[in-house]
Amino acid sequence: MTHKDSQLFEIKKWRKHGRVGEAPGSIIISQDALKPKIVIFSYTKTDLKEEQSDDIDLVLDYAKQYPQYKHWVQVQGIGDEELVKKIGSGLSVNALVLEDITDATQRAKYDEYDCFILSISRLLIHNEQNQIVNSQFSVLVKDNLLISFQETYDEPFAGLKNRLRTSKGIIREEGTGYLMYALMDTIFDRYFALLDQLEDSLEQCEDNINRKPRRQNMFDTQRIKHLLIMMQRAVGPERDKMNEILRSDNPLFSARDKIYFRDAYDHCIDIIETITSFKELSTNLTEIYLSTVNNQMNDVMKILTIISSIFIPLTFIAGVYGMNFAWQDPVTGKLMPHNMPELHNPHGYVYALVAMAVIAVMQLVIFWKNGWFDKMK
Amino acid sequence: MTHKDSQLFEIKKWRKHGRVGEAPGSIIISQDALKPKIVIFSYTKTDLKEEQSDDIDLVLDYAKQYPQYKHWVQVQGIGDEELVKKIGSGLSVNALVLEDITDATQRAKYDEYDCFILSISRLLIHNEQNQIVNSQFSVLVKDNLLISFQETYDEPFAGLKNRLRTSKGIIREEGTGYLMYALMDTIFDRYFALLDQLEDSLEQCEDNINRKPRRQNMFDTQRIKHLLIMMQRAVGPERDKMNEILRSDNPLFSARDKIYFRDAYDHCIDIIETITSFKELSTNLTEIYLSTVNNQMNDVMKILTIISSIFIPLTFIAGVYGMNFAWQDPVTGKLMPHNMPELHNPHGYVYALVAMAVIAVMQLVIFWKNGWFDKMK
Amino acid sequence: MTHKDSQLFEIKKWRKHGRVGEAPGSIIISQDALKPKIVIFSYTKTDLKEEQSDDIDLVLDYAKQYPQYKHWVQVQGIGDEELVKKIGSGLSVNALVLEDITDATQRAKYDEYDCFILSISRLLIHNEQNQIVNSQFSVLVKDNLLISFQETYDEPFAGLKNRLRTSKGIIREEGTGYLMYALMDTIFDRYFALLDQLEDSLEQCEDNINRKPRRQNMFDTQRIKHLLIMMQRAVGPERDKMNEILRSDNPLFSARDKIYFRDAYDHCIDIIETITSFKELSTNLTEIYLSTVNNQMNDVMKILTIISSIFIPLTFIAGVYGMNFAWQDPVTGKLMPHNMPELHNPHGYVYALVAMAVIAVMQLVIFWKNGWFDKMK
Amino acid sequence: MTHKDSQLFEIKKWRKHGRVGEAPGSIIISQDALKPKIVIFSYTKTDLKEEQSDDIDLVLDYAKQYPQYKHWVQVQGIGDEELVKKIGSGLSVNALVLEDITDATQRAKYDEYDCFILSISRLLIHNEQNQIVNSQFSVLVKDNLLISFQETYDEPFAGLKNRLRTSKGIIREEGTGYLMYALMDTIFDRYFALLDQLEDSLEQCEDNINRKPRRQNMFDTQRIKHLLIMMQRAVGPERDKMNEILRSDNPLFSARDKIYFRDAYDHCIDIIETITSFKELSTNLTEIYLSTVNNQMNDVMKILTIISSIFIPLTFIAGVYGMNFAWQDPVTGKLMPHNMPELHNPHGYVYALVAMAVIAVMQLVIFWKNGWFDKMK
Amino acid sequence: MTHKDSQLFEIKKWRKHGRVGEAPGSIIISQDALKPKIVIFSYTKTDLKEEQSDDIDLVLDYAKQYPQYKHWVQVQGIGDEELVKKIGSGLSVNALVLEDITDATQRAKYDEYDCFILSISRLLIHNEQNQIVNSQFSVLVKDNLLISFQETYDEPFAGLKNRLRTSKGIIREEGTGYLMYALMDTIFDRYFALLDQLEDSLEQCEDNINRKPRRQNMFDTQRIKHLLIMMQRAVGPERDKMNEILRSDNPLFSARDKIYFRDAYDHCIDIIETITSFKELSTNLTEIYLSTVNNQMNDVMKILTIISSIFIPLTFIAGVYGMNFAWQDPVTGKLMPHNMPELHNPHGYVYALVAMAVIAVMQLVIFWKNGWFDKMK
């Protein structure tokens, strides 16, 4: 899907499922998967520690040692089977969950297990190569520990981290339930940002199509629609997810957290409805484009028809008087007065020119009366 | 989206969300936001006071001092962070709600909190620059105090204020629940008015397309559809909102108020269904337009084909008799009787003209039999 | 929406809402509203009185005096504010209901109040000016009194009145609940009659388009679709209404009445489904029409291409032999044998004609092989 | 809807409702209705009697005399008001039900009354005149008596009767509930058979359109869609009907019968989904057809453009050298060397021909580079 | 549906129902049905036996003898009525179920009976002849015995069998409920694999259409859509099926199994949503294709119009000066100075050429100003 001729983003391919018949719960690491980088944020209302680490065991131990802290372990890159398995055994997470985390093509979902929570989202990142990358963002929550997994090294949570560091808002006061909300909310903000960008692109397309439609505008419109279809598939399941969280009685989510999740739910609905209306708008644009092309063709046809209709009869008349019918038998010399007597009329040429002019003017009048000229404006 | 060549309204851009990763509950005032103007209406069944004020603290105190009055504080313009925060602390409203009020891109919603109610609507205003502006209208209700926030200085509630002043209807008898209904009802009336206007525009388009379709009609139709899509997004959530109010057991809404809200709910459904059918009608119009353009092209093609088909063969014949094949070898003087003997026939010219006429008439008859002429009517 | 060139019905404009900000419950009489005519039918199983009256007070008193009778007060024309107000106070109906009855743009609905029932329907009348008029039909039921309001003097209930007069069916045995059903049923019968008519029109269009498509057929199809969209909006809410009546435990509706309402409910669903399928059929027709126009254009193009392709090369050959390259230098008299020797060949003309014929035949064969001729059938 | 030029079935018109305002429960026999033929099957597990009769009273008496038998009375043709009324009084069936049975335009439905069951289905028969006839099939069940009414003399139940006669399957063991199922199942089988036929027709159309699209293929595709729309309207309500039977606790339906009805329900869903997907397929076909016609037009245009573009400039050159500018003033004899000196160049003709050839080849190369020739394959 | 010219898969025809009126529960073996091959896997956590057999009685006996084992009987080919009947009597399965298993056109479904479970799925196999075959896969589960029936000898379960043999995953620990899940999961994996393939095909089509649209791309796109419609019909009912299993309290499904089925349910939803979005994408592609063809036609038209518009007037001028109006009466010798004096102007030819050049340049400038040349890029 490489449209190098366009300024618009490129949509990077998403889905590539595992082998058919693989055992459920098998952890299959894609060859393209990046090596994990681990950052840990441990915080209370008054204290914050931020560290990088390579050893997940140390990290998990650390979390156990400081139960009074809340810990956010951010894993960027999921290309290490060992790490995933260690987390699995450290948190007693079953194999199906680990498979879901490493198979980066999962649909967004929310599952509550006995002792932990799994939440998967699609994270759409517009990277520096102007590509839209549909990556997976998974979150495991167990008590005061939240582990987030993302496929790429992009940092979508810079703002959130700043809030943690500066203790802005209530994030350091609340538990991991609120942290999970804050991550979700950031992801939704990204969707909104992408939609804002798409709205600009749609308006750009509309402007161009209204002013001077080019084939590229059509391709751009369809690419936007393509992305909208993809977004719809990515964000659609988030609604159910939010609903499940809202109805959950898991103690991780305080009543205060629920108010925030309710807000996130509203945002989610807003995103879905916005996608729907943008899809309608892009269908609209396609109709405008097609009708404009049709109109252009109509105008081109009219020009062709006007010029042809005017000159073809005139050319015919000129052709007639270019015929060589003889006025005299070349052998006998007998006069043949019926052969093209006009040619020997002293004003034959003038009459012919006048006749041509009359025909041309008559046609112009007819076309003008039919409104062919004022439509070309 | 500037279509300066059209008489139709222009749709002003709506959505522009905040920064990604901002803390939930942050109050972000857009730079374009207008400075607030405050008007307060305090009324009982028998008394009414109407005042302008700049100091929200005074206003809130005033409301507390006169609990037997109902107070409507109308805030026009939301460009003052201080004011919003004062209201927040004065009414103990949480930060998320204040963010919703100042972020003017919220979806319509209704939230009941412990001690107050938040209601957000989209207010579509057709302003004097012939623009459709999608602004936000928020309402906070706490006991006998209702604060309404709107983005612009437009006055959509002139009629409502008159009813307050003249004590027309039951508005002064009922509480803030009814006042909230009256505000909603006015907003819905605006939707109806806009729909009436759109219906007129659609009919105008249909008339034009039926009489003499122009490219502009197509653009207008699509712009109307664009607005309908936007309206659908704006008014769609109102249905859920009305439903929640109807099912609410909040003491602010008396049984008598509920009858009125039930009426507003019916209006809301009516608006949604009308939008849906108008969208269908505009799709209809697009189809008619496209088929008409196709028909026109067909007619243009027919004219071109008739004229070309008739004259091209005739021109060919004239061309043949314009050829210079010699009747006599120029060097030897030998006669070459096979070379264009027609030219030396005494009636060759007449025969040629007759042949041309016959061909032309035959073609005309064929075209006439195929109904090409009666279709052009 | 005046398509004077068509035989089809014309759709009269429907919606025109009141002023924005008017107090809910204000009775606004449109200036076009007709003066009311009042007819009262009072009947028991054995007795029937039918009277015209101008004084609604008398009528209401009469109904109170004869409680053993059932009374149907038919009000035709709603252009008298006094009358509506008198009914309002006579039956203790609140203002909102009176507003709904006089504002003739209400959506169909059914509301049960403490002591009376309000039912509003849309009544589609195909009048003698070949217009489809979307008028409002409201019914107030209180115990043994039913008052019906309609906007126009058309008489849609002639059959029903005859059944009352002749005591045909069970109408005189049952109460006002059944009378309300009978009115609804008549309205549904009108929808069916209109649908029958539309089906005929659709078939007429389909026949025409299949035989000889004209632009008018397209316009007619779209007008039918327009009406179907309008009907859908009018009849859609009737389903909910029927449902509410069926679930109602109001003593006005006996178990036997409910069987009849169940039947009306089925009719209502049938109407809605029929409208849906007719809309699909008219979309179908539009597709056929467009494809036919495309086909015609294709055929026209083929004719043009065949004639042009055949004669343009021939004309070129004729043109070549019409060139005046000299066989002899006019000054020196030197022979120039390379200049158009064909012209001096004794059979040059014949050869040229044969070459032309060969080219023409070859092209015809190519076109024939490509099936251009058998497609024109 | 007579498309005599097609081999495809013809759709016979269906709907024709009664007069507006007729009393509910009026039995209106259409003038086209056939005179009834009555067959009665009386059977137990071990015994079967099959008789024809003209006297419905005798038949009803017979059913009462032999309560240990199950009786299936098949009435073919509903054109006898007397017969219907006798059945009505014989089984104490109310008038509304009798109206439903005789008004052959009813929507499929299932109603349970105190002492009997009414089931109505649409029966689509592909008759020998290649017409699809949408007729009504009604069933009345009361204890051990089942009366079926069908509009035409077609015999859709030959297989079922054979199973009765040969005691194949469990039909003779079960009661009238199972018999009703067996009738329904046969009707559903007919839908499946029709869908199989439509699938064949759709494939035929697709094959034709892929190989050599003709206008008729388009009409056929649309006629299939027309029938699918009609079928959807006919079979859609059967789902609700099946659902109602499954949830019914009527003793007529044994637990074993319910298993069979559950199967019929699955078939019903299958039919509805198949219709939906066939409708999508026919929309698909329409798109293919339209794109093919567009492609053809494109090819035709290319041929015209290639030939015109090549020969028109050449013809112009030939025209130039056919001009008669004099090389010598005819009166003074003065040489005019600027007038067309090419004509007196010894190789002027050859140069002109070469120039023409170069122009033609250049154009061919350009068209070839633009891929115009390989697209025509 | 043979598109031999395409590289894309071919869709093999699916549906062919039995005869109308056949007794429910009749086992009808299609003539094409393959003779059954039977494989039995008997396993406990520690042991596995795998055998081929021809005698179903032996197999069923074997299953009874070893109740501590779980038995999976894989029947490939359903063309043996005896075998089916033996299984029916061996497991006391009723006739309707046996009919469902042998009639290979069943919709996916899940039915719980007293002592066994029936599950039917559609299995889409992309075979080596590049055909998509829609075959039926049925599963009967009774206690520790699971019998699977498939129509063809294809082996979709190779991976699953390996897991059984190597005891990979938990398959040997769990019961037949889990085995049923594993079969379903494999079928869903096949759907995912097919969707991956379709996504590649769609991207290939999109690339081609963007680069150089060919008619075949359109056909391919539509064929993909055809398959998607078929897949939707096949996989749609699986959702209900999964739901029924999840809500089932059948002891065959342990709590642990339910977690896996929940995962399969998510996959099922994912498949359905992916099909929906792929259908939208293919509609998108069709629009791009059509607009591209329209654009091409527009360009072709422009070339024709440019060349015609430039040369037709020039040819006319050349024609005029090719006319033979005489400058001298051939008989009287009188000069006729009004007849084409230009021809005798010493620079007439040069003037004429200049005039032609001016006209041509003017037209080119007009076309260039209208942007006709930069659109052709």
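Residues numbered from 1 in each chain as written. Chains lettered and ligands numbered in written order. Predicted model: local features only at pLDDT ≥ 70, side-chain atom pairs only at ≥ 80, totals over all residues. Heavy atoms only, no water.

Enquirer: What is the right way to read the overall build of chain A from this model?
Expert: Within chain A, the secondary structure is distributed over eight helices and eight strands. Taken over C-alpha atoms, the radius of gyration comes to 36 Å for chain A, far larger than the 21 Å a tight globule of 377 residues would show. Across its three principal axes, chain A shows a C-alpha extent of roughly 130 × 40 × 30 Å. In chain A, buried positions account for 63% of the 377 residues. Within chain A, contacts between residues at least 6 apart in sequence are counted, and of these 70% link residues at least 24 apart. Surface summary for chain A: the accessible area is close to 14,500 Å², and the carbon and sulfur share equals 52%. (Helix = DSSP H or I, 4+ residues; strand = E, 2+ residues; numbered from the N terminus. Rg over C-alpha atoms; globule rule 2.2 N^0.38 Å. Buried < 20%, exposed > 50% of the residue type's maximum accessible area, 1.4 Å probe, protein only. Contact = heavy atoms within 4.5 Å. Areas by Shrake-Rupley, 256 points an atom, 1.4 Å probe, with all protein chains shown as cover.)

Enquirer: Before we go on, may I ask you to explain the pairing of strand 2 (residues 37–43) of chain D in this structure?
Expert: Every other side chain in a regular strand lies on the same face of the sheet, so the side chains alternate between the two faces. Residue and element names in this part refer to chain D. Where burial is concerned, most of strand 2 is hidden: six out of the seven residues are buried. With six bridges joining them, strand 2 and strand 3 (residues 48–53) adopt antiparallel strand pairing. The residue bridging Tyr-43 from the neighbouring strand is Leu-48, located in strand 3. (Pairing = 2+ DSSP bridges.)

Enquirer: Please explain the pairing of strand 4 (residues 70–76) of chain E as it appears in this structure.
Expert: Residue and element names in this part refer to chain E. Of all seven residues that make up strand 4, seven are buried, and the element is covered over most of its length. Of the two faces of strand 4, the one lined by Lys-70, Trp-72, Gln-74 and Gln-76 and the one lined by His-71, Val-73 and Val-75 are each fully buried. Both strand 2 (residues 37–43) and strand 4 contribute to a ladder of seven bridges, which runs antiparallel. Pairing of Lys-37 across the sheet is with Gln-76, part of strand 4. As paired elements, strand 4 and strand 8 (residues 145–150) share six bridges and run parallel to each other. In the sheet register, Val-75 faces strand 8, and the bridge partner there is Phe-149.

Enquirer: What exactly am I supposed to notice about the arrangement of the chains here?
Expert: With no contact between them, chain A and chain C keep their nearest C-alpha atoms 9 Å apart. One thing to see here is that chain A and chain D don't touch, and their nearest C-alpha atoms sit 9 Å from each other.

Enquirer: Please explain the packing of aromatic side chains as it appears in this structure.
Expert: Two descriptors summarise a pair of aromatic rings, namely the distance from one centre to the other and the angle between the planes of the rings. This structure, assessed with the given rule, holds 75 aromatic pairs over all chains. For the pair B:Tyr62 and B:Tyr66, a centre-to-centre distance of 4.9 Å together with 45° between the ring planes defines the contact as tilted. Taking 5.0 Å as the distance between ring centres and 40° as the angle between the ring planes, the aromatic pair formed by C:Phe325 and D:Tyr321 counts as tilted. Of this pair, C:Phe325 sits in the loop between helix 7 (255–320) and helix 8 (348–369) while D:Tyr321 sits in the loop between helix 7 (255–320) and helix 8 (348–369), which puts the two residues in different chains. A relative accessible area of 5% means that C:Phe325 is categorised as buried. Joined through ring pairs, the aromatic side chains of A:Tyr178, A:Tyr181, A:Phe253, A:Tyr260 and A:Phe261 make up one cluster. Just above the ring of B:Tyr153 sits the side chain of B:Lys37; from NZ or CZ to the centre is 4.2 Å. (Phe/Tyr/Trp six-rings, centres within 6.5 Å; stacked < 30°, edge-to-face > 60°. Lys NZ or Arg CZ within 6 Å of the ring centre and 35° of its normal.)

Enquirer: Looking at this model, I keep getting lost on the interface of chain E and chain A. Mind explaining?
Expert: Put simply, an interface is often sized by how much accessible area is lost when its parts join up. Contact with chain E, which involves 75 residues of that partner, is made by 73 residues of chain A. Taking both partners together, chain E and chain A bury about 6,500 Å²; carbon and sulfur atoms supply 59% of that area. Between chain E and chain A we count six salt bridges in total. E:Asp263 is the salt-bridge partner of A:Lys109, the closest N and O atoms lying 3.3 Å from each other. The tally of links from chain E across to chain A stands at 19 residue pairs in polar contact (both at pLDDT 80 or more). Put simply, the parts of the chain that give the side of chain E that touches chain A at least two residues each are helix 4 (158–166), helix 5 (176–211), helix 7 (255–320) and helix 8 (348–369) of chain E. At 36 residues, the largest contribution of residues to the side of chain E that touches chain A is made by helix 7 of chain E. The residue makeup of the side of chain E that touches chain A, split by class, is 29 nonpolar, 22 polar and 24 charged. (Buried area = accessible area lost by both parts, 1.4 Å probe. Salt bridge = Lys/Arg side-chain N within 4 Å of Asp/Glu carboxyl O. Polar contact = N/O pair within 3.5 Å; in protein donor to acceptor, adjacent residues only side chain to side chain. Nonpolar A, V, L, I, M, F, W, Y, C, P; charged D, E, K, R; others polar.)

Enquirer: Got a minute to help me understand the packing of helix 6 (residues 215–247) of chain C against helix 7 of chain C in this structure?
Expert: In a packed pair of helices, the relevant descriptors are the angle between the two axes and the axis-to-axis distance. All names here are of chain C. The N-to-C vectors of helix 6 and helix 7 enclose an angle of 155°; their axes lie 8 Å apart at closest approach. On the basis of their axis angle, the class for helix 6 and helix 7 is roughly antiparallel. The handedness of the crossing between helix 6 and helix 7 comes out as left-handed. Looking at the contact of helix 6 with helix 7 residue by residue, the classes come out as 19 nonpolar, nine polar and seven charged. (Axes fitted to C-alpha atoms, helices over the stretch in contact; angles between N-to-C directions. Parallel < 35°, antiparallel > 145°, perpendicular 65-115°, else oblique. Left-handed = near helix turned anticlockwise from the far one by under 90°.)

Enquirer: Could you clarify how one ought to interpret the interface of chain D and chain C in this entry?
Expert: In this complex, chain D contributes 73 residues to the contact, which on the side of chain C involves 75 residues. Of the roughly 6,600 Å² buried at the junction of chain D and chain C (both faces included), carbon and sulfur atoms supply 59%. Viewed at the interface, chain C and chain D are joined by six salt bridges. D:Lys225 is the salt-bridge partner of C:Glu287, the closest N and O atoms lying 3.8 Å from each other. Within the residue set of the side of chain D that touches chain C, elements represented by two or more residues are helix 3 (95–102), strand 5 (109–112), helix 6 (215–247), helix 7 and helix 8 of chain D.

Enquirer: Is there a simple way to think about the relation of the copies chain E and chain A in this case?
Expert: Note on the chain copies: they are related by a rotation about an axis and a translation along it. Screw-axis analysis of chain E against chain A gives a translation of 0.1 Å along the axis, an RMSD of 0.1 Å, and a rotation angle of 72°. Expressed as a symmetry operation, the mapping of one chain copy onto the other fits a five-fold axis. Measuring from the rotation axis to each C-alpha of chain E, the shortest distance belongs to E:Gly322, at 4.7 Å. When the interface residues of chain E are mapped onto chain A, a mere 15% of them are again interface residues, pointing to distinct binding faces. (Least-squares fit on C-alpha atoms with pLDDT ≥ 70 in both.)

Enquirer: What am I meant to see in the relation of the copies chain D and chain C here?
Expert: Screw-axis analysis of chain D against chain C gives a translation of 0.0 Å along the axis, an RMSD of 0.1 Å, and a rotation angle of 72°. A share of only 15% of interface residues in chain D that are also interface residues in chain C marks the association as one of differing surfaces.

Enquirer: What exactly am I supposed to notice about unusual backbone geometry here?
Expert: The phi torsion at C:Ser92 lies on the positive side, around 45°, for a residue other than glycine. With respect to the secondary-structure elements, C:Ser92 resides in the loop between helix 2 (81–90) and helix 3 (95–102). Here the phi dihedral of E:Asn130 falls at roughly 60°; this positive angle occurs in a residue that is not glycine. With respect to the helices and strands, E:Asn130 occurs in the loop between strand 6 (117–126) and strand 7 (131–142). E:Asn130 sits in the partly exposed class, given a relative accessible area of 27%.

Enquirer: Would you mind going over the side chain of B:Gln136 with me for this structure?
Expert: All names here are of chain B. Within the secondary structure layout, Gln-136 lies in strand 7 (residues 131–142). Owing to a relative accessible area of 2%, Gln-136 belongs among the buried residues under this scheme. At 2.8 Å, the side chain of Gln-136 and the backbone oxygen of Asp-100 are in polar contact. Once you skip the residues sitting within four places of it in the chain, Gln-136 turns out to touch Asp-100, Ile-101, Asp-103, Ala-104, Thr-105, Gln-106, Ile-120, Ser-121, Arg-122, Phe-149, Gln-150 and Glu-151.

Enquirer: Whenever I open this one, the environment of D:Leu246 confuses me. Can you help?
Expert: Residues and elements named next belong to chain D. Within the element layout of this structure, Leu-246 appears in helix 6. Here the alpha-carbon distance between Leu-246 and Tyr-265, two residues 19 residues apart in the chain, equals 8.7 Å. Setting aside its immediate chain neighbours within four residues, Leu-246 contacts Lys-258, Phe-261, Arg-262 and Tyr-265.

Enquirer: Hey, could you run me through the confidence of the model for chain A in this one?
Expert: Regions with low pLDDT should not have their predicted coordinates read in detail. Residue and element names in this part refer to chain A. Averaged over chain A, the pLDDT score is 87; the fraction of residues at 70 or greater is 95%. Long-range and interchain partners of residues 1–5, a stretch whose pLDDT sits below 50, account for 12 contacts in this model, where long-range means more than four residues apart. As a predicted assembly, this complex carries a pTM of 0.86 together with an ipTM value of 0.82. (pLDDT = per-residue confidence, 0-100.)

Enquirer: What's the story with helix 8 (residues 348–369) of chain A in this structure? I'm lost.
Expert: In an α-helix, one turn spans 3.6 residues; hence positions three or four apart end up facing the same way. With 22 residues, helix 8 of chain A extends 31 Å between its outermost C-alpha atoms, agreeing within 8% with the 32 Å of an ideal straight helix rising 1.5 Å per residue. Looking at the buried side of helix 8 of chain A, the elements it contacts are helix 7 (255–320) of chain A, helix 7 (255–320) of chain B together with helix 7 of chain E. Trailing helix 8 of chain A by a residue or two, A:Gly371 shows a phi angle of about 75°, which is positive. (Expected span 1.5 Å × (residues − 1).)

Enquirer: Looking at this structure, I do not really get the nonpolar core. What am I missing?
Expert: Note that soluble globular proteins tend to have their nonpolar side chains buried in a common cluster. Counting 467 residues, the largest nonpolar core has A:Tyr321, B:Tyr321 and E:Tyr321 as its most contacted members. Of all the elements, helix 7 of chain C adds the most residues to this core, at 30 residues. Once you skip the residues sitting within four places of it in the chain, A:Tyr321 turns out to touch A:Met340, A:Glu342, A:Leu343, A:Ala352, B:Tyr349, E:Gly322, E:Met323, E:Asn324 and E:Phe325. (Core = buried A, V, L, I, M, F, W, Y, C linked by side-chain atoms within 4.5 Å.)

Enquirer: Quick question: what am I supposed to make of helix 6 (residues 215–247) of chain E here?
Expert: If you check helix 6 of chain E, its first and last C-alpha atoms are 49 Å apart, about what 33 residues at 1.5 Å a residue would give, namely 48 Å. For helix 6 of chain E, the buried fraction is high: 24 of the 33 residues fall into the buried class.

Enquirer: Looking at this structure, I do not really get the packing of helix 5 (residues 176–211) of chain A against helix 6 (residues 215–247) of chain A. What am I missing?
Expert: Residues and elements named next belong to chain A. Running from amino to carboxyl end, helix 5 crosses helix 6 at an angle of 155°, the nearest separation of the two axes being 11 Å. In terms of their interaxial angle, helix 5 and helix 6 are classed as roughly antiparallel. In this structure, helix 5 crosses over helix 6, and the sense of that crossing is left-handed. Looking at side-chain class alone, the contact of helix 5 with helix 6 contains 18 nonpolar, four polar and three charged residues.

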